[in-house]
Amino acid sequence: QVQLVESGGGLVQAGGSLRLSCAASGSILSINTMGWYRQAPGKQRELVAAITKGGITNYVDSVKGRFTISRDNAKNTVYLQMNSLKPEDTAVYYCNADVMTISTMREADYWGQGTQVTVSS
């Protein structure tokens, strides 16, 4: 099995910064794309940013220039540095990873439990 554990959420004032971390553990053979999604109350979950194993990144337009996704392949960890936060960034942030496990030798989608980010105006 695979577990994704997120940390780093919290309450911050508009204009502030937070750094989210997500560590994957378990019977991992390899991890392909890792990403961060978010879901605000009453809204659908949306992709915020993603990064491939080779370091290619993708961002939703609303966070470009403010958020930076990165990963440490040796630690199976993905990060999301969030700067210039806005009240509209308030949401539960979820980590996602495409993981190939040792037991199945197949890639599957795994999710973290979510971490709350609240930006006050």
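Scope of this entry: the structure provided in the associated data block.

Analysis parameters
Once a new chain begins, its residue numbering starts again from 1 and follows that chain's sequence as written. Residues qualify for local features only when their pLDDT is at least 70, as the model is predicted, and side-chain atom pairs are given and counted only at 80 or more; totals for whole chains, interfaces and linings, by contrast, use all residues. The side-chain values count all of the structure's non-hydrogen atoms but skip hydrogen atoms and water molecules. Counting from the N terminus, the helices are DSSP H or I runs at least four residues long and the strands are E runs at least two residues long. In this scheme, a residue with accessible area under 20% of its type's maximum is buried, one over 50% is exposed, and one in between is partly exposed, where area comes from a 1.4 Å probe on protein chains only. To qualify as a nonpolar core, a set must consist of buried Ala, Val, Leu, Ile, Met, Phe, Trp, Tyr and Cys residues joined through side-chain atoms within 4.5 Å. Cysteine sulfur atoms that come within 2.5 Å of each other are treated as a disulfide pair. We call two residues in contact when some of their heavy atoms are within 4.5 Å.

## Concerning unusual backbone geometry
At step 1: Here the phi dihedral of S84 falls at roughly 50 degrees; this positive angle occurs in a residue that is not glycine.
At step 2: Relative to the elements of secondary structure, S84 occurs in the loop between β8 (77-82) and β9 (91-101).
At step 3: Residue S84 is classed as partly exposed on the basis of its relative accessible area of 42%.
At step 4: In this structure, M105 takes a positive phi of about 55 degrees despite not being glycine.
At step 5: Structurally, M105 is set in the loop between β9 and β10 (107-111).

## Here's the deal with the nonpolar core
At step 1: Core analysis: the biggest nonpolar cluster contains 31 residues, and W36, L80, M82 and Y93 have the highest contact counts within it.
At step 2: Secondary structure elements with two or more residues in this core: β1 (2-7), β3 (18-26), β4 (28-39), β5 (46-51), β7 (67-72), β8, β9 and β11 (115-120).
At step 3: The element best represented in this core is β9, accounting for five residues.

## Considerations on the state of the cysteines
At step 1: Within the structure shown, the criterion is met by one disulfide.
At step 2: With a sulfur-sulfur separation of 2.1 Å, C22 is cross-linked through a disulfide to C95. Between C22 and C95, the disulfide has an S-S torsion of -80 degrees and is therefore left-handed. Placement of C22 in strand β3 and of C95 in strand β9 is noted, with a sequence separation of 73 residues between them. In this pair, the class of C22 matches that of C95, namely buried.

## Points about the environment of S62
At step 1: Relative to the helices and strands, S62 is located in the loop between β6 (57-59) and β7.
At step 2: In this structure S62 comes out as partly exposed when scored by relative accessible area, which is 41%.
At step 3: Residues S62 and E88, 26 residues apart in the sequence, show an inter-C-alpha distance of 9.7 Å.

## Quick notes on the environment of L18
At step 1: Checked against the element boundaries, L18 lands in strand β3.
At step 2: With a relative accessible area of 15%, L18 lands in the buried category.
At step 3: Sequence separation between L18 and Q81 is 63 residues; the distance between their C-alpha atoms is 6.2 Å.
At step 4: Those residues within four positions of L18 in sequence are excluded, and the remaining contacts are G8, G10, V12, L80, Q81, M82, L85 and V117.

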